[in-house]
Amino acid sequence: IDLRHSLSPRVLPEYVLQGFIALSYLYYMQYLGIIIMLPLTAYHAYRYVRRPRMSVLGIYDPTAVMNGDEMDRNKKEGFIKLALYLINFFAGLLWMILAVSS
């Protein structure tokens, strides 16, 4: 249960920040950024809608957070998110360098 209390407050700010980045790509018509962030935005919306009903905000169920299958799935999800965020970071860095050089 202590693990859920440390993870749950970090979920909503991640979703809000990722949604802001996706909307800024949409506003500035960065099509590659939209393509990269759209599946993750849809997945975050799906995860938030399908979260277990609890008294506090968050998506982690305190009774299932230490389940082995749940931990493996969350670890795989974390690595995929990390890969997408790194691709997003380096694409943004490339776009910045191209904008400065032109």
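Values in this document were obtained by computation on a predicted structure and should not be read as measured data.

A. A look at the overall build of the protein. Looking only at helices and strands, the protein has 3 helices and 0 strands in total. Counting from the amino terminus, the protein carries its helices and strands in the arrangement α-α-α. Per-residue burial over the protein gives 25% buried out of 102 residues. The contacts of the protein with a sequence gap of at least 6 include a subset with a gap of at least 24, amounting to 66%.

B. Molecular detail of unusual backbone geometry. Phi angles above zero are rare outside glycine, and Met29 is one such case at about 55°. Along the chain, the position of Met29 falls in the loop between helix 1 (2–27) and helix 2 (31–49).

C. Fine view of the pattern of salt bridges. Inspection of every chain in the model, using the stated rule, returns 4 salt bridges. With a shortest N-O distance of 3.1 Å, Lys81 and Glu14 are connected by a salt bridge. Taken together, the residues Lys81 in helix 3 (residues 68–101) and Glu14 in helix 1 connect sequence positions 67 residues apart. When its relative accessible area of 9% is taken as the criterion, Lys81 is described as buried. Salt-bridge contacts for Glu77 lead to Arg47; the nearest nitrogen and oxygen are separated by 2.9 Å. Linking Glu77 in helix 3 with Arg47 in helix 2, this pair joins segments that are 30 residues apart in sequence. Looking at Glu77, the relative accessible area reads 10%, which means it is buried. By relative accessible area, which is 9% here, Arg47 ends up buried. Here the salt bridges share partners, and the residues they tie into one network are Glu14, Arg47, Arg73, Glu77 and Lys81.

What counts as what
Residues numbered from 1 in each chain as written. Predicted model: local features only at pLDDT ≥ 70, side-chain atom pairs only at ≥ 80, totals over all residues. Heavy atoms only, no water. Helix = DSSP H or I, 4+ residues; strand = E, 2+ residues; numbered from the N terminus. Buried < 20%, exposed > 50% of the residue type's maximum accessible area, 1.4 Å probe, protein only. Contact = heavy atoms within 4.5 Å. Salt bridge = Lys/Arg side-chain N within 4 Å of Asp/Glu carboxyl O.

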